[in-house]
Amino acid sequence: MTDDFAKFFQTMMESGQQMARAFAGGIGGGGMGADPKAFEKFFPAMPKEMIEAFFGRTFNPEGLDARTRFLVTVAALTVLGPVGEPQLRLTLQNALKAGATQREIAETIWQMSMFGGLPATQKALETARAVFAETEESPE
């Protein structure tokens, strides 16, 4: 590995860790830094190094905050319909932890009805209601 590439790679990894810390409240880090186990739960098929590289190369730290990124992900998973339900459930939990309101989540899901259709929207709203109920019952 050349020195220039090593420096570039180190900068990319540091940027990834900074972005991961920004997501920490939404995926289990609790403000104490990124929790690799929480990332494994959120992205089970991605090793830690891939997540760091993905966040470091792709996400602009001055861009969207974690709450907004989770809402965008809710939108995408809504359009997938039932096939995306497990990922939607986890993303909804994390969106709430990152500061999204139940109304923002419901509006995001409803907005996708014209793209994913009513069956996909209905399934996403049912999933959201279940997550909201679980969250309200959970003493945190």
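Relevant structure appears above.
Residues numbered from 1 in each chain as written. Predicted model: local features only at pLDDT ≥ 70, side-chain atom pairs only at ≥ 80, totals over all residues. Heavy atoms only, no water.

A.B. asks: Would you explain the overall build of the protein chain in this entry?
C.D. replies: Scanning the protein chain from N- to C-terminus turns up 8 helices and 0 strands. Counting from the amino terminus, the protein chain carries its helices and strands in the arrangement α-α-α-α-α-α-α-α. For the protein chain, the residues scored as buried account for 36% of the 140 residues in total. Within the protein chain, residue pairs in contact and separated by at least 24 positions form 63% of the contacts whose partners lie at least 6 positions apart. (Helix = DSSP H or I, 4+ residues; strand = E, 2+ residues; numbered from the N terminus. Buried < 20%, exposed > 50% of the residue type's maximum accessible area, 1.4 Å probe, protein only. Contact = heavy atoms within 4.5 Å.)

A.B. asks: Please explain the pattern of salt bridges as it appears in this structure.
C.D. replies: A side chain of one charge can pair with a side chain of the opposite charge when the charged atoms of the two come close. By the definition in use, this model includes 4 salt bridges. With a shortest N-O distance of 2.7 Å, Arg-103 and Glu-107 are connected by a salt bridge. Separated by 4 residues within a single helix, Arg-103 and Glu-107 lie in helix H6 (residues 102–111), roughly one turn from each other. (Salt bridge = Lys/Arg side-chain N within 4 Å of Asp/Glu carboxyl O.)

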